[in-house]
Amino acid sequence: MRTDTGQAFRLEDYRPTDYLIPEVDLSFRLDPDETLATAKLTVERRDGVAAGTPLVLDGDGLTLKELLVDGTPVADAAFEATPDKLTLMAPPEGKRFELTIVTRLTPAKNSTLMGLYVSNGVYTTQCEAEGFRRITYFFDRPDVLSSYRVRIEARKAEAPLLLSNGNPADSGDLDGGWHYAVWNDPFPKPSYLFALVAGDLGSVHDTFTTASGRNVKLGIYVEHGKEPLATYAMDALKRSMRWDEERFGREYDLDVFNIVAVSDFNMGAMENKGLNVFNDKYVLADPETATDVDYANIEAIIAHEYFHNWTGNRITCRDWFQLCLKEGLTVYRDHEFSADQRSRPVKRISEVRTLKALQFPEDQGPLSHPVRPRRYREINNFYTATVYEKGSEVVRMIHTMLGEENFRAGMDLYFDRHDGQAVTIEDFLRCFEEASGKDLDQFALWYHQAGTPNVSVKTQYDADAKEFTLELEQSVPPTPSESRKKALHIPLAFGLVGPNGQDMAYDSVEGADVENSVIQLKERKQTLRFTGVSSRPVLSINRGFSAPIALHHETAKEDRFFLARHDSDLFSRWQALNTLFLESLIDASSRIRGGREPEFDAMLLDYPAEIAADETLEEAYRALALTLPAEADIAREIGENIDPDAVHRAREALRTAIAREAEKSFADVYHALKDEGAFSPDAASAGRRALRNILLDYLVAGAGEPDRAERQFAAATNMTERAAALNVLAHQFPTSEAAGKALADFETRYKGNALVLDKWFMIQATIPGPETVERVRSLMAHPTFSTTNPNRLRSLIGAFANSNQTGFHRADGEGYDLLADTVLQVDGHNPQVAARLAVAFRSWRSMEKARQEKARKALVRISSEEKLSRDVRDIVERTLG
Ligand code: TRP
Ligand code: ZN
């Protein structure tokens, strides 16, 4: 295990390498216990660099077997090789030379899942961000681009399938039951995009003809017997390829495109050139084992990795500080894809819920960092919601400010100008400035300044003068990265909603640039005056969540209800209702804490029945509208001195009150929605199931007894219905016979199918209440659970720590101890995943005092472990502050 060296990397220290490596020739002789990796590197001294300048390459835990320069072994005194570094003291004086490095690897023993490892008998690699240096010594940084030729040798029985990046070039048999394959990737790429897969896998195949008529062979490789589960992923891939041509003019560029599903994987998926490697969770689906959410995730992630071919691979990052250049942009692209494939407003609401659930707490806590950070100790810890999700929001704002045409012109210029390069956020922004003629100087602060901006809104209407005044004020609280903040350029989409629900016209506006119903807020404080406004409007602002801000707009409940019913922007309708729910839940929780009974507004209890039955709204939208803010959402909004038990009781009280009020309407809709035909994963069918499942949750809560959920569980014909019913049973009646029986049935039915049992782990890990700590501890001993598999860890421990407020934050600190124990245990073999689990501690300071103290103790216990990895140490030390 790596031990921390405490060194930080800083953006301002960026310097190009002295040497380039235009060509890489790799050959592997694969064996689980002793793999030989031979790297022949064409090394070229850069112009202006003195001949003989030492060559220093990165390594990580490497064992060097041989080193040759231009075919001749290098004398011992002429180089130094440590596990972390190779130094060639005096390279040849000529411009170019060939460096041959032979390293010895033990893939079967590699539990970090970085570099070359074996998962379920399959050799696979993961090189982003710094995994290539675990294979051979290299300039393991994204600004060194090389064309790769890869030869793989393996025992044919062990690995009939041999894949790498690019196009297949050669293959054949060797002596002793071995065989080989050669792959050529003509597109120069950084080392983090290298990949190799070798094993015995089943596959599905298809073809795709690009817009210009090129034929591409598509393959998806999965465990034998699972081929039918890959057909949805294949369909999603073809739709992604078509969409990128139509929407961004981007065609695929190789003869083959392969995807491999592996069962041990640190994250979701990886965009290696021409050979995407996926967590099998995001490939495999059929109605019996996958939920509608799984299908949607598969579609989105297949698209995301495919889109990286242009945004990430053809144009890559100069350094890891620029990570959002590829990730934020590619998330934006996959969001747009899903919006086009499904329902745009529903997709937008889901995105905003995710942003608020994951990115807001990050940005408002000790791990806050700019979308483009300026320093890091461990880059793996910067694959964050801020880089990905806020990074995507920033691109979306550029689109909002420039409009579709200028945005597309900026993207075209970016592809045209920077194809084949490793670039920066500045290069990216310059393309939009040039294409649109707009100045993005102030806007660029979104990349450089951390924290969620607060925007407060005050309005006033003067009926005599027919004038509407809007006062906007922005502020960003200090974060660890900057203590004082500059004013941001914030695009706020808005409408002045008139009595009939239509946006009202006005004669003129002064006080800000307003174009296409978007206010460009640039100062700390700006007052806008609208003239010619015929009657008092209701302000709808930050429509479509045009900017990732926290909005503070104190307004009458009647106005919020009005927007919830009538705003022409569906996102704003959802937002208005959600805010009403939140405000009343916060109030209820403080009453409960003060020993009083919660009280709810009659309008709030009446409205849900109306929404459930409103056939002018899509079912998926209705399902989202009826979903109460999660306990974590309520806690985040309260912000400090949180008592999770009071929050939990408040939410239960509101759910029950709504259910009792709407019983009849909910039951009617629930029955009318019963799906009779064959299962289809399309958005409309999924929406019906989503609405039905949220209604089930209410109906069972209102009735106070489990039968309806038992019936749905027994009658379910697909995983979406079955898992939802199980969730209701287990969460609402955890100790009941009905829940016990359903959990046991589910376990028996899916015995041996770890991916499905992950749902079973997750449902149990998120059962509210203090007893869940013991339940999770005992589930850790379940034969299917394993701390070496990241999916198992995320399903049981990750779900518990991130989605169980009353369990994780148990008053006696046992939940914190459970997480600390697991982090320490996992850190011994997989630091990257251990660090991700530790992130769940990030909001500890917002809890009430006694819990804060328990959390702090657990964090201190982790940090006092001497042999902590750099990954975990970085997270824990920043979290403690
Ligand atoms: N670049 C990958 C993506 O598409 C994510 C990724 C980064 C990753 N580092 C990884 C995946 C390590 C697996 C392991 O977002
Ligand atoms: Zn990505």
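A quick note: this is a predicted structure, and the numbers were derived from the prediction, not measured.

(A) Spatial organisation of the domain arrangement of the protein chain. Domain parsing of the protein chain yields domain 1 (316–448), domain 2 (456–541), domain 3 (549–704) and domain 4 (750–881). Taken over C-alpha atoms, the centre of domain 1 sits 30 Å from the centre of domain 4. Interface area for domain 1 against domain 4, summed over the two sides, is near 1300 Å², with a carbon-plus-sulfur share of 44%. A per-residue breakdown of the area domain 1 buries against domain 4 is headed by Leu367, Arg377 and Asn381, which together make up 48% of the total. For the pair domain 1 and domain 4, the number of links is 2 salt bridges. Residue glutamate 378 pairs with arginine 870 through a salt bridge whose shortest N-O separation is 3.1 Å. For the pair domain 1 and domain 4, the number of links is 5 residue pairs in polar contact (both at pLDDT 80 or more). Grouping the constituent residues of the side of domain 1 that touches domain 4 by class yields 7 nonpolar, 2 polar and 3 charged.

(B) Local environment of the site of ligand 1. Around ligand 1 lies a shell of 15 residues, among which Glu128, Glu271, Glu305, Glu327 and Tyr388 are the nearest. Histidine 308 places a polar side-chain atom, nitrogen or oxygen, 3.3 Å from an oxygen atom of ligand 1. Contact distances for ligand 1 include 3.4 Å between a nitrogen atom and a side-chain N or O atom of lysine 326. Relative to its unbound accessible area of 370 Å², ligand 1 is 97% covered by the protein chains. When residues of the shell around ligand 1 are traced back to their parent elements, those giving at least two are strand E20 (269–270), helix H2 (292–307) and helix H3 (323–341).

(C) Expanded view of the pattern of salt bridges. Applying the stated criterion across every chain, the model contains 85 salt bridges. Between lysine 189 and aspartate 185 there is a salt bridge; the shortest N-O distance is 2.9 Å. When the shortest N-O distance is used, the salt bridge between glutamate 271 and lysine 326 registers 2.7 Å. With a gap of 55 residues between them, glutamate 271 in the loop between E20 and strand E21 (275–279) and lysine 326 in helix H3 connect regions that are remote in the sequence. A residue is classified by how much of its surface remains accessible, and glutamate 271, at 2% relative accessible area, is buried. When its relative accessible area of 1% is taken as the criterion, lysine 326 is described as buried.

Parameters and conventions
- Residues numbered from 1 in each chain as written.
- Chains lettered and ligands numbered in written order.
- Predicted model: local features only at pLDDT ≥ 70, side-chain atom pairs only at ≥ 80, totals over all residues.
- Heavy atoms only, no water.
- Domains from an automatic or database assignment.
- Buried area = accessible area lost by both parts, 1.4 Å probe.
- Salt bridge = Lys/Arg side-chain N within 4 Å of Asp/Glu carboxyl O.
- Polar contact = N/O pair within 3.5 Å; in protein donor to acceptor, adjacent residues only side chain to side chain.
- Nonpolar A, V, L, I, M, F, W, Y, C, P; charged D, E, K, R; others polar.
- Near = heavy atom within 4 Å.
- Areas by Shrake-Rupley, 256 points an atom, 1.4 Å probe, with all protein chains shown as cover.
- Helix = DSSP H or I, 4+ residues; strand = E, 2+ residues; numbered from the N terminus.
- Buried < 20%, exposed > 50% of the residue type's maximum accessible area, 1.4 Å probe, protein only.

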